Amino acid sequence: MAIVPYLLAFLPLCDAEVGMHDWNVVVSVRSDCYRWVRQRLREYARVDHTDYYNILALRVEDPDAFIEELCRATVADPRLRDCLARAMPAPHTFLFQTAEEFEQRAQQAVAHFLPALGGKTFYVRMHRRGFRGTLASQKLEQSLDKYLLENLAAGGTPGHVRFADADAVVVIETVGQWAGVALVTRALWARCPFVDPE
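Just so you know, these numbers come straight off a predicted model, no measurement behind them.

*Asks:* Please clarify how the overall build of the protein should be interpreted in this entry.
*Replies:* Helix and strand counts for the protein stand at seven helices and nine strands. Residues classed as buried in the protein amount to 51% of the 198 residues present. Long-range pairs, those at least 24 residues apart, make up 73% of the contacts in the protein between residues at least 6 apart in sequence. Total accessible area on the protein stands at roughly 9600 Å², and carbon and sulfur atoms take up 53% of it.

Quick look at the structure:
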């Protein structure tokens with residue numbers, strides 16, 4: 001795969017084309033808590049129902065700040081802590097229709113994390129909802145691992161793919177034709193266990 005020039009990788013995305021799919025946080029809820037969590041999260045964000053089981057999509061002003069606030073809230077509210085299966089910020093988002101378009105836009109999105117990944121260990125993890133048979137999660141994870149490794153090496157800050165005790169995980173969430181990308185550091189995962197890249 002040809003290396004996309006480092007600076008070109010930062011071409012603007014249409015961040016979900018600002019429309020009905022303008023989400024920037026994805027939340028997975030335990031089955032017996034769905035309605036309660038949806039109402040509880042409305043204290044912080046716009047919360048949308050999705051077509052996928054126990055998956056909520058949120059729009060917040062600042063995804064990273066929201067996650068920190070949610071982390072504090074789960075400490076104060078054990079029910080919220082127990083009801084949240086996962087919550088993932090998605091500061092970089094895009095829409096796609098085909099596997100080819102997904103891969104191109106995913107490369108542009110994960111390129112935002114190149115400065116943070118220099119000299120670090122990492123891997124890519126994808127959580128796909130929809131496009132079954134069109135998006136091959138493992139193949140795309142490996143392709144994006146390679147893309148990041150090549151660009152880090154080209155920039156003089158080589159990184160390494162490592163699954164055990166990695167410094168960070170690049171997480172890709174898809175909900176139908178929407179995708180969001182996050183960088184989960186080991187420190188963030190330890191501090192906020194619901195920010196679980198797996």
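*Asks:* Whenever I open this one, the pattern of salt bridges confuses me. Can you help?
*Replies:* Between side chains of opposite charge, pairing is possible as soon as their charged atoms come close. Applying the stated criterion to the full structure yields 13 salt bridges. The salt bridge involving Asp77 is made with Arg40; its shortest N-O contact spans 3.2 Å. Note that Asp77 is positioned in the loop between helix H2 (63-76) and helix H3 (78-83) and Arg40 in helix H1 (residues 34-41), a separation of 37 residues in sequence. On the accessibility criterion, Asp77 (17% relative accessible area) is buried.

*Asks:* I would appreciate a short explanation of the state of the cysteines in the present structure.
*Replies:* Inspection of every chain in the model, using the stated rule, returns two disulfides. Each sulfur of the disulfide joining Cys33 and Cys83 lies 2.1 Å from the other. Between Cys33 and Cys83 the disulfide shows an S-S torsion of about -60°. By sign, it is left-handed. With Cys33 in the loop between strand S1 (25-29) and H1 and Cys83 in helix H3, the pair connects residues that are 50 residues apart, well separated along the chain.

*Asks:* Looking at this structure, I do not really get the packing of aromatic side chains. What am I missing?
*Replies:* Here the distance between the centres and the angle between the planes together describe a pair of aromatic rings. This model, assessed by the stated rule, comprises seven aromatic pairs. Where Trp23 meets Trp178, the ring centres are 5.7 Å apart and the plane angle is 65°; that geometry is what we call edge-to-face. Separated by 155 residues along the polypeptide, Trp23 in the segment before S1 and Trp178 in strand S9 (residues 178-185) bring together distant segments of the chain. You'll find Trp23 and Trp178 in the same group, each marked buried. A ring pair is formed by Tyr44 and Phe66, whose centres lie 6.1 Å apart and whose planes are at 70°; its orientation type is edge-to-face. Taken together, the residues span a long stretch of sequence, with Tyr44 in the loop between H1 and strand S2 (46-49) and Phe66 in helix H2 at a distance of 22 residues.

Parameters at a glance
Once a new chain begins, its residue numbering starts again from 1 and follows that chain's sequence as written. Local features in a predicted model are, by the rule used here, given only for residues with pLDDT of at least 70; side-chain atom pairs are given and counted only at 80 or more, and totals for whole chains, interfaces and linings are based on all residues. Hydrogens and water molecules were not included; the side-chain quantities draw on all heavy atoms of the structure. Counting from the N terminus, the helices are DSSP H or I runs at least four residues long and the strands are E runs at least two residues long. Partly exposed describes any residue whose relative accessible area lies between the buried limit of under 20% and the exposed limit of over 50%, with all areas from a 1.4 Å probe on protein chains only and scaled to the type maximum. Residue contacts are defined here by distance: any two heavy atoms, one from each residue, within 4.5 Å place the two residues in contact. For every accessible area listed, the method is Shrake-Rupley and the probe measures 1.4 Å; residues are considered covered only by the protein chains on display. Here, a salt bridge means any Lys or Arg side-chain nitrogen found within 4 Å of an Asp or Glu carboxyl oxygen. Put simply, a disulfide is two cysteine sulfurs that come within 2.5 Å. Within 6.5 Å between ring centres, the rings of Phe, Tyr and Trp (the latter by its six-membered ring) count as paired, and their orientation is classed by plane angle as stacked under 30 degrees, edge-to-face over 60, tilted in between.

Function cannot be read off these values alone, since they describe shape.
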